[in-house]
Amino acid sequence: MFVAWRDLRFARGRFVLIGTVVALITLLVGFLAGLTGGLASQNVSGVLALPGDRLVLQSSDGAGPTFGQSEIMDAALTGWREAPGVTSVTPVGIAQTRAEADGQHAAVALFGMPAGAAASEVAALAPTRDGEIGLSAGAAKELGVSIGGSVTVAGAEYRVASVGADVWYSHTPIVAMTPTAWASADTVLGGDGRPTVLAVSGDADWSAVAASTGTSVATPLASLPHLETFRSEVGSLGLMIAMLFGVSALVVGAFFTVWTMQRAGDVAVLKALGASTRSLVRDALGQALVVLLVGTGVGLLAVVGLGALAGSALPFVLSPLTTLVPAFAMVLLGLVGAAVALRPVTAADPLTALGSAR
Amino acid sequence: MITLDNVTLSFADGASRIVAVDSVTLTGRPGVVTGITGPSGSGKSSILALAATLIRADSGRVVIGGTDVAELSRSDLAVLRRERIGIVFQQSNLLPSLTAREQLQVMGELGGAGVASRRRAIRARVDELLDAVGLAEHAHKRPAQLSGGQRQRVAIARALVHQPEVLLVDEPTSALDRARGVEIMQLIARLTRERSTATLLVTHDVTPTASVDEWVTVVDGRIDAGALAAV
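Computed from a predicted model, the values in this text were never measured in an experiment.

J.: Help me understand the overall build of chain B, please; the structure alone is not making it clear to me.
T.: When helices and strands are tallied, chain B shows six helices and 11 strands. Expressed as lengths along the three principal axes of its C-alpha atoms, the size of chain B is roughly 50 × 40 × 35 Å. For chain B, with 231 residues in total, the buried portion stands at 56%. Residue pairs at least 24 apart in sequence account for 70% of intrachain contacts in chain B once pairs closer than 6 positions are excluded.

Encoded structure:
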């Protein structure tokens, strides 16, 4: 790193420029990752918080099951309840509508499920009486109500029995009801009152039970692609992040390709003086690593600062997964780009140092 | 000591080959400056490239301090160059980002085994070498801040800082005016004698003869025995 450090100092303008580009890409990637995390959380946190090891969906039209189209038939419900190894089956109805409280309106997700289901953030919201509802923190905030207040949903008025965790489904805050109240509301909204999903637990042959009941089963995490909004949203944001990673590797690779080509004469001289190719490669990669670490470090600080500010106005998640992991990937891909640019270093012919016109 | 024993080197030129060095035998002895001269294209730079182990001979032997370089791998040749050979290039070939002091220190940073001890040994000699070439006061300057003669002095100090057995010098005065050229030649001669290096010096200019102990003339890749003369 002897020459590398001095090159960094000597050509600081060029390295500040590429460092700034790396920092800006890190900022973009970090911001997109945080936004993706925030949007994903507003999309699926309710699904992930359902009380079961597996989630069961059923499609009536034969197409692949989705949360929007799924309806659990009575026979399927019975089949799962009687299946060996299944220890609990919680039918959950899901519908989206608007709620109103004291003149304030908000789009909400109605979750119908029995009180006393296995402990989970969603189950904890479930009321015990048909005339009551449990509000997630987001729903309470958007409707401006607290415990004891009243909320109108699908033409019926309910008393707020509890305000719980900030759980969401498809970008709408969750409002929990009893299964009976949910079935009534769903009927008013044009549905047939059948549960949407079964949250099941136990140690069963999941595939066999799913096949025998005409349903599909997956872990909560693996079920997320069955949520249409999640699939399209995360897909497009993930594609943007992946493209930014690619751009980052290409930019860093292009910079170091030009840089090492400009230094080809110096590299030939160092080889003629006896430098090992390994030491020259180590020098070049070390130089790239310094630029990448400083660039991503600055970008990361900007992500944390701006993310903290944006968190109150945007769905933004600031976590190691949305900051450190993308930053690590940036450094890794940048190094790959720099490694591709090493050809002029390994190929430099020390004999050219003897020429009269370097 | 460096010996080229019946060395031949040729290059492909389409379907045929051009013989650049033809059965050359030459010895560089410790403390002696051997000047290699000849017309352009005569093969003197090729002889220097062979001596510097930057290219392998088709036949014959190049022996440096008892080591036949033909037996060495590419990485072993790099070790040989950084430990036992000093090279002064036609253009000073200094690294633009390094100060004069760092141009010498870099010789201790070229990798391989024993880097730490070599680094210590070289750093201990840097100031003495810069003083020996008259650049102690310019140690902090980069190449762009030095004159052509000063850059060549730094290059000479760099070539000697690791105490090589062999010093190879390629046209050291070609980019200098006559007065600076004489100074550089005298400096090379003085350091060769003080440090007992075997110096091979390629030049097309035979005027500053006082600095060269022996002359070898190369014509068409061969040593012209008729032109060989002790000065």
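J.: Is there a simple way to explain the domain arrangement of chain A in this structure?
T.: Size of an interface, as often reported, equals the accessible area lost when the parts are brought together. Residues and elements named next belong to chain A. Taken domain by domain, chain A consists of domain 1 (2-43 + 231-354) and domain 2 (54-218). Here domain 1 and domain 2 have C-alpha centroids that lie 46 Å from each other. Across the contact, five residues belong to domain 1 and five residues belong to domain 2. Counting across the domain 1 and domain 2 interface gives zero salt bridges.

J.: For this particular structure, what's the right way to read the packing of aromatic side chains?
T.: Residue and element names in this part refer to chain A. Under the counting rule described, the total for this entry stands at eight aromatic pairs over all chains. Centroid distance F67 to Y169: 6.4 Å. Interplanar angle 65°. Geometry classified as edge-to-face. With F67 in the loop between β1 (54-57) and α3 (74-82) and Y169 in strand β7 (residues 168-169), this residue pair connects regions lying 102 residues apart in the sequence. As far as the burial class goes, F67 and Y169 line up, both buried. When the ring of W80 is compared with that of W206, the centres are 6.2 Å apart and the planes differ by 25°; the resulting orientation is stacked. With W80 in helix α3 and W206 in helix α6 (residues 206-213), this residue pair connects regions lying 126 residues apart in the sequence. Each member of the pair, W80 as well as W206, is classed as buried. The residue whose ring lies beneath R6 is F2, and the NZ or CZ to ring-centre distance is 3.8 Å.

J.: In this structure, what is going on with unusual backbone geometry? I would like to understand it.
T.: For residues other than glycine, phi is negative in most cases, and the peptide bonds are mostly trans. Of note, A:D102 is a non-glycine position whose phi angle comes to about 50°, a positive value. For B:N93, which is not glycine, the phi torsion reads 55° and is therefore positive. Relative to the helices and strands, B:N93 resides in the loop between β6 (85-88) and α3 (100-105).

J.: Got a minute to help me understand the sheet that holds strand β1 (residues 2-13) of chain B in this structure?
T.: Backbone hydrogen bonds are what pair the strands of a sheet, in a parallel or an antiparallel way. Residues and elements named next belong to chain B. Strands sit in the order β2-β1-β4-β5 across an open sheet of four strands; the sheet is antiparallel. Of all strands in the sheet, those with a lone pairing partner are β2 (16-28) and β5 (67-68), marking the two edges. Here β1 pairs with strand β4 (residues 59-64) via five bridges, running antiparallel. Along β4, the bridge assignment pairs D5 with R61. Those strands touched by helix α1 (residues 44-51) are β1, β2 and β4, and its axis lies near 115° from that of β1.

J.: I'm lost on empty space enclosed by the protein in this one. Help?
T.: Gaps left between atoms show up when a probe the size of a water molecule is rolled over them. All names here are of chain A. Going through the model one piece at a time under the given rule, you end up with one cavity of 30 Å³ or more. The wall of the largest cavity is formed by F256, T260, A284, L285, A338 and L342. Only α8 (228-262) and α10 (277-310) provide two or more residues apiece to the lining of the largest cavity. Classifying every residue of the lining of the largest cavity gives five nonpolar, one polar and no charged.

J.: When you look at the confidence of the model for chain A in this model, what are you seeing that I'm missing?
T.: It should be kept in mind that the predicted coordinates are not to be read in detail where pLDDT is low. With 98% of its residues at a pLDDT of 70 or more, chain A has an overall mean of 88. Looking at the elements of chain A, mean pLDDT is at its lowest for helix α12 (residues 343-347) of chain A, recorded as 82, and at its highest for strand β4 (residues 132-136) of chain A, recorded as 95.

J.: What should I look at first to understand the interface of chain B and chain A in this one?
T.: Between chain B and chain A, the residue contacts involve 30 residues of the former and 22 residues of the latter. Note on chain B versus chain A: buried area summed over both sides is about 2,300 Å², and carbon and sulfur give 64% of it. The tally of links from chain B across to chain A stands at two salt bridges. In this structure, A:R9 engages B:E102 in a salt bridge whose closest nitrogen and oxygen atoms are separated by 3.4 Å. At the junction of chain B and chain A, the tally comes to nine residue pairs in polar contact (both at pLDDT 80 or more). Put simply, the parts of the chain that give the side of chain B that touches chain A at least two residues each are α1, α2 (74-84) and α3 of chain B. Tallied by class, residues from the side of chain B that touches chain A come to 14 nonpolar, eight polar and eight charged.

J.: Before we go on, may I ask you to explain the layout of surface pockets in this structure?
T.: The space that makes up the largest pocket amounts to roughly 510 Å³. Lining the largest pocket are 21 residues; nearest its centre among them are A:D349, A:P350, B:L54, B:R74 and B:R81. Of all the elements in the fold, those that place two or more residues in the lining of the largest pocket are α12 of chain A together with α2 of chain B. No other element matches α2(B), which puts seven residues into the lining of the largest pocket. Per-class residue counts for the lining of the largest pocket are 10 nonpolar, five polar and six charged.

Calculation notes
- Residues numbered from 1 in each chain as written.
- Chains lettered and ligands numbered in written order.
- Predicted model: local features only at pLDDT ≥ 70, side-chain atom pairs only at ≥ 80, totals over all residues.
- Heavy atoms only, no water.
- Helix = DSSP H or I, 4+ residues; strand = E, 2+ residues; numbered from the N terminus.
- Buried < 20%, exposed > 50% of the residue type's maximum accessible area, 1.4 Å probe, protein only.
- Contact = heavy atoms within 4.5 Å.
- Domains from an automatic or database assignment.
- Salt bridge = Lys/Arg side-chain N within 4 Å of Asp/Glu carboxyl O.
- Phe/Tyr/Trp six-rings, centres within 6.5 Å; stacked < 30°, edge-to-face > 60°.
- Lys NZ or Arg CZ within 6 Å of the ring centre and 35° of its normal.
- Pairing = 2+ DSSP bridges.
- Axes fitted to C-alpha atoms, helices over the stretch in contact; angles between N-to-C directions.
- 1 Å grid on protein atoms, 1.4 Å probe; cavity = no way out; pocket = protein on both sides within 12 Å on 5 of 7 lines; lining within 4 Å.
- Points joined across faces, edges and corners; volume = space filled by probe spheres on them.
- Nonpolar A, V, L, I, M, F, W, Y, C, P; charged D, E, K, R; others polar.
- pLDDT = per-residue confidence, 0-100.
- Buried area = accessible area lost by both parts, 1.4 Å probe.
- Polar contact = N/O pair within 3.5 Å; in protein donor to acceptor, adjacent residues only side chain to side chain.

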